[in-house]
Amino acid sequence: MVGPHFSLQYRDGISNVIATKQNLIVTGSLIARILFQPIEETSRLYFSKHLSLSISASNGNPRPETQAVEWLSASVKLLFSLLDFYAYLGLLFITFGPPFVYSALLILLGSQSPYLHHGPQSTVVQVLRAYCSLLPLLGLNGVIEAFVQSAANEADLSRLSKLMVAWCAVFISAVAVFSSSWASHLWGITPEVGMVLATGINMSCRIGFGWIFANRYLHQRGSNQSLSLSRFSPSLLALFGFIVAAIVTRWNEFNSLSFFTEPFLSAREIKSLVVWQRLFHHLSIGLICFFGCFFLTLFTEWKRLSSIFSTITSRPKAE
């Protein structure tokens, strides 16, 4: 009777581990929806209204030409401000996300959790780290597609739908490549991480199309502004600060948290005060680096950040 009972408990334990692991992976998608979907939907409504009114005015309808220029400029300014915002948000995610995923899971789940058995190299940790780099792409794609869908005509939307099929094929191909044993041996990635990377490639394709479309649209409408990487890049000093913070936090994680995977540590030692002091030290270094980057960015980019905040919070309203 012991055998079946043990087998049932074992299956239940494995099922719980798999379910919890899937829930943690889905968390990445939920974060994207919670953070970015309200911004995407609001910007889509704003772009649709203002761009349609600007086209109507420029086609000789009762509204004067100056209002057409004003509404187009307002839409472009909001688009640029949102892209600036996502540039800084992306730096935060990429710099401080990956080195603290494992720490957060240790606090939430405990060091004895079965799906943290391999420490920082556990699949769940690697997937959520990859999501930290994917999240900025999801937000960027949402805003650019909101602009594209608001500005596109029927021919553009037809072309976009065909490209969606092509990008779907690219996504499936990327999943097949990253899920293969060849990719696992060559790059050391799991199929779950490969899925995130394939999604990133798909998002990059869509962002690239939207970027080109937006520049062409602005040129056709007579705007003297265009999208460029240099336009949305932070200052060199701020970028240097984030690079230093990324190096320091990753180096500190390696030195502070590697002990969790040492086989000679017992459960009592893992729960000891010294061990959790190391975790606290890692989090403290992260906070110092975060506030250092925050104040450095405020110092070097104050006017730019003020403009972003002002544009997003006080958008002109169309009649």
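Remember, it's a predicted structure, so these values are computed and weren't measured experimentally.

(A) Spotlight on helix H5 (residues 154-178). Counted at 1.5 Å a residue, the expected span for H5 with its 25 residues is 36 Å, and the 36 Å between its end C-alpha atoms agrees. Residues Asp156, Leu160, Trp167, Ala174, Val175 and Phe178 constitute the buried set of H5. The inward-facing, buried residues of H5 abut helix H4 (123-151), helix H6 (181-187) and helix H7 (191-220). Its side-chain oxygen at 3.2 Å from the backbone nitrogen of alanine 155, asparagine 153 defines the N-terminal cap of H5.

(B) Quick peek at the nonpolar core. In this structure, Phe47, Leu79, Phe147, Tyr217 and Leu227 are the most contacted members of the largest nonpolar core, which totals 35 residues. A per-element tally of this core places helix H2 (residues 65-96) first, with eleven residues. Setting aside its immediate chain neighbours within four residues, leucine 227 contacts Leu79, Phe80, Leu83, Trp211, Ala214, Asn215, Leu218 and Phe232. Formed by 21 residues, the second largest nonpolar core is a distinct cluster that contains Tyr131, Leu134, Ala174 and Phe178.

(C) Molecular detail of the UniProt feature "transmembrane region" (unreviewed entry) in the chain. Under the UniProt annotation, "transmembrane region" (unreviewed entry) lies at residues 85-108, 128-148, 160-183, 195-214, 235-252 and 279-299. Helix makes up 100% of residues 195-214 and strand 0%, whereas the separation of the span's terminal C-alpha atoms amounts to 28 Å.

(D) Region of interest: the packing of H4 against H7. Relative to each other, H4 and H7 sit at 20°, their axes nearing to 8 Å. Relative to H7, the element H4 is oriented roughly parallel. The two elements H4 and H7 meet at a crossing, and its hand is left-handed. When its residues are assigned to classes, the contact of H4 with H7 shows 21 nonpolar, seven polar and three charged.

(E) The arrangement of the side chain of serine 75 in detail. Following the sequence through the fold, serine 75 ends up in helix H2. Accessibility expressed as a relative area gives 0% for serine 75, which makes it buried. When residues no more than four places from it in sequence are discounted, the contact partners of serine 75 are Tyr46, Phe47, His50 and Leu51.

(F) View of a nonpolar patch on the surface. Judged by side-chain polarity, Leu92, Leu287, Phe290, Phe291, Phe294 and Phe295 come together as a nonpolar surface patch covering roughly 550 Å² of accessible area. Broken down by element, the nonpolar patch gets its largest block of residues, five residues, from helix H11 (residues 273-300). Along the chain, leucine 287 falls in helix H11.

(G) Spotlight on the packing of H5 against H7. Contact geometry of H5 with H7 gives a least axis separation of 8 Å together with a crossing angle of 155°. Between H5 and H7, the interaxial angle falls into the category roughly antiparallel. Considering how the two elements wind past one another, H5 and H7 form a crossing that is right-handed. By residue class, the composition of the contact of H5 with H7 is 18 nonpolar, three polar and four charged.

(H) Region of the structure containing the pattern of salt bridges. Taken as a whole and judged by the stated rule, the model has nine salt bridges. Residue arginine 231 is joined to aspartate 84 by a salt bridge in which the shortest nitrogen-to-oxygen separation is 3.2 Å. Placement of arginine 231 in helix H8 (residues 229-232) and of aspartate 84 in helix H2 is noted, with a sequence separation of 147 residues between them. Take aspartate 84: its relative accessible area is 4%, and that puts it in the buried class. When the shortest N-O distance is used, the salt bridge between arginine 304 and aspartate 84 registers 2.6 Å. With arginine 304 in helix H12 (residues 302-313) and aspartate 84 in helix H2, this pair connects stretches of sequence that are 220 residues apart. Neither residue differs from the other here; arginine 304 and aspartate 84 are each classed as buried. One connected set of salt bridges, linked through shared partners, spans Asp84, Arg231, Glu301 and Arg304.

Rules used throughout
- Residues numbered from 1 in each chain as written.
- Predicted model: local features only at pLDDT ≥ 70, side-chain atom pairs only at ≥ 80, totals over all residues.
- Heavy atoms only, no water.
- Helix = DSSP H or I, 4+ residues; strand = E, 2+ residues; numbered from the N terminus.
- Expected span 1.5 Å × (residues − 1).
- Buried < 20%, exposed > 50% of the residue type's maximum accessible area, 1.4 Å probe, protein only.
- Contact = heavy atoms within 4.5 Å.
- Polar contact = N/O pair within 3.5 Å; in protein donor to acceptor, adjacent residues only side chain to side chain.
- Core = buried A, V, L, I, M, F, W, Y, C linked by side-chain atoms within 4.5 Å.
- UniProt positions renumbered as here; feature names shortened; annotations may be inferred.
- Axes fitted to C-alpha atoms, helices over the stretch in contact; angles between N-to-C directions.
- Parallel < 35°, antiparallel > 145°, perpendicular 65-115°, else oblique.
- Left-handed = near helix turned anticlockwise from the far one by under 90°.
- Nonpolar A, V, L, I, M, F, W, Y, C, P; charged D, E, K, R; others polar.
- Patch = residues over 30% accessible without salt bridge, like charges linked within 9 Å, V, L, I, M, F, W, Y side chains within 5 Å.
- Areas by Shrake-Rupley, 256 points an atom, 1.4 Å probe, with all protein chains shown as cover.
- Salt bridge = Lys/Arg side-chain N within 4 Å of Asp/Glu carboxyl O.

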